[in-house]
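# Overview (structure and organization)
So you can see what is in the structure, the chains are spelled out below.
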Amino acid sequence: MPHISPKDFFRPLAVGAPTPLREIPARPSRAIHFFDPSNEKMAAKVPGMVSTVDVLLGNLEDAVKADRKVAAREGLVRIAQETDFGPTQLWTRINALDSPWVLDDLTTLVPAIGHKLDVIMVPKVQGPEDIHYVDRILAQLEAKAGLERPILVHAILETARGVANVEEICGASPRMQGLSLGPADLAADRRMKTTRVGGGHPGYLVRQDPVDGDIEGPRGIFQQDLWHYTIARMVDACATHGIFPYYGPFGDIADVVACEDQFRNAFLLGCVGTWTLHPKQIAIANRVFAPSVADIRHARRVVAAMGDGTGAVMLDGKMEDDASLKQCLVMVELAEQLAAIDPELRAAYDAIEVDA
Ligand code: GLV
Ligand code: MG
């Protein structure tokens, strides 16, 4: 470990760069919706999507062909300059640090649209050194552009080395906003044997014991979540560092049911949002990554019943105490943040009647 004074951690990395944030704001980001800025049809839809989604992300990396990289970068600059994003955040995913495009991505985007960019997503992050590299360049570019607030950094966890270094990545810079799971690259890097982009696999299962020793007889099978281990590690690393974990892509656009399940697993484990690759996934993400009316009704009952927050009470035959109150407050706080930007949710939560 290099010696760093905690005081230096929050100093700007370039003279004149904005002061790093001490806390990453919890801005709603249920869906991070990917668009390809080099695709004119897709780009034309972006202004109409503002306010329908928490985050719009101009993707410059994978899924953009090599001969469209410059068009994507320039398209993003144009869209950002021409669009009023209102409460919707604007993010981008830059090219990988070992690619020939990334330096031009940064030196073009920050001066041109840095004041509109909330978060830069960095793919294939292997360790804290990758974050340090981006951190310093961003500070230099922000200083040169006269930006007043720091652009935040989000890392995709999609290599085995990245997973092994996940805590160090989260703690590498005060700019770190969060992590996303990159199941496709991660599967390839780990030499996993799934060719799907996220989601489960019918071969990854647990089988019920034979009944009466009948091995060939009917036995229930339960598919397991290939991504549970990695998401759980991400959640712990992010919570430790006060930043936010996200599920990544779910490639089977037609299978809205399995998509919803995968998103919900991530939500239940602690993720705050997910990527969406198609408009129909946005509605799923907005629904899944918000507490349900039933959750909030229960949470408010517990809050009301627990008074000063200490001791234990029985509600519907279940024990509630200081710790379960904290679980409920997680839900209530999230509901308040989401209600502040989503009038439909506000109406649904406001209509809840709590009988103590
Ligand atoms: C996302 O970038 C992935 O590789 O899954
Ligand atoms: Mg990837």
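Residues numbered from 1 in each chain as written. Chains lettered and ligands numbered in written order. Predicted model: local features only at pLDDT ≥ 70, side-chain atom pairs only at ≥ 80, totals over all residues. Heavy atoms only, no water.

## A look at the overall build of the chain
Note the cut-off: Strands here are runs of E lasting at least two residues and helices are runs of H or I lasting at least four, both read from the DSSP assignment and numbered beginning at the N terminus. Atoms counted for the radius of gyration: C-alpha only. Globule rule: 2.2 Å times the number of residues to the power 0.38. Three labels apply to residues, based on accessible area from a 1.4 Å probe with only protein chains included: buried if under 20% of the type maximum, exposed if over 50%, partly exposed otherwise in between. By definition in these notes, contact holds between two residues if any of their heavy atoms fall within 4.5 Å. Per-residue accessibility takes into account occlusion by the displayed protein chains alone, with areas from the Shrake-Rupley method and a 1.4 Å probe. His is not counted, nor are the chain ends; Lys and Arg add positive charge and Asp and Glu add negative charge. Just so you know, the charge point we use is NZ for Lys, CZ for Arg, CG for Asp and CD for Glu.
For the chain, the count of helices and strands is 14 helices and 12 strands. For 356 residues, the compact-globule estimate of 2.2 N^0.38 gives 21 Å, and the chain sits close to it at 22 Å. For the C-alpha atoms alone, the extent of the chain along its principal axes is close to 65 × 55 × 50 Å. Here the chain holds 356 residues, and 46% of them are scored as buried. Taking contacts inside the chain between residues at least 6 apart in sequence as the whole, the part at least 24 apart equals 72%. Approximately 17,800 Å² of the chain is accessible, and the part contributed by carbon and sulfur atoms is 54%. Across the chain, 36 positive and 48 negative side-chain charges occur, with their mean positions spaced 4 Å apart.

## Topic: the coordination of the magnesium ion (ligand 2)
The line we're drawing: Sites may look incomplete, because water is not among the atoms used; the donor set itself consists of N, O and S atoms within 2.8 Å of the metal (3.2 Å for Na, K and Ca).
Every protein donor of the magnesium ion (ligand 2) is listed here as E158 (OE) and D185 (OD), and their distances to the metal cover 2.1 to 2.2 Å. Highlighted residues: E158 in the loop between strand 5 (152–157) and helix 6 (160–164) and D185 in helix 8 (residues 183–190), separated in sequence by 27 residues. Looking at D185, the relative accessible area reads 25%, which means it is partly exposed.

## Observations concerning the site of ligand 1
Cut-off, in case you're wondering: We call a residue near a molecule or strand when any one of its heavy atoms sits within 4 Å of it. Counted as a polar contact is a pair of N or O atoms within 3.5 Å, where, for protein atoms, one must be capable of donating a hydrogen and the other of accepting one, and residues adjacent in sequence contribute only when both atoms are in side chains. As a working rule, the residues Ala, Val, Leu, Ile, Met, Phe, Trp, Tyr, Cys and Pro are called nonpolar, Asp, Glu, Lys and Arg charged, and the rest polar, with Gly in that last group.
Taken together, R93, E158, G182, P183, A184, D185, P249 and W275 make up the full set of residues adjacent to ligand 1. Between R93 and ligand 1, the recorded distance is 3.0 Å, taken from a side-chain N or O atom to an oxygen atom. A184 has a polar backbone atom sitting 2.7 Å from an oxygen atom of ligand 1. Here ligand 1 loses 92% of its free accessible area of 200 Å² to cover by the protein chains. If one sorts the elements of the shell around ligand 1 by residue count, helix 8 sits on top with three residues. By residue class, the composition of the shell around ligand 1 is four nonpolar, one polar and three charged.

## Some words on the pairing of strand 11 (residues 312–315)
The condition that has to hold: Two strands are said to pair when DSSP picks up at least two bridges between them.
Here strand 11 pairs with strand 12 (residues 318–321) via four bridges, running antiparallel. Each bridged residue has a counterpart across the sheet, and for V313 the counterpart in strand 12 is E320. In sequence, strand 11 turns back onto strand 12 through a hairpin of two residues, with D316 there showing a positive phi of about 50°.

## Topic: the sheet that holds strand 4 (residues 119–122)
Here is the rule: Inter-axis angles, ranging from 0 to 180 degrees, are taken between N-to-C directions of lines fitted to C-alpha atoms, where helices are fitted over the stretch in contact.
Read from one edge of the open sheet, eight strands run 9-6-5-4-3-2-1-10, paired in parallel fashion. For this open sheet the edge positions go to strand 9 (244–246) and strand 10 (274–276), each flanked by a neighbour on one side alone. Adjacent strand axes in the sheet meet at a mean angle of 25° when their direction is disregarded.

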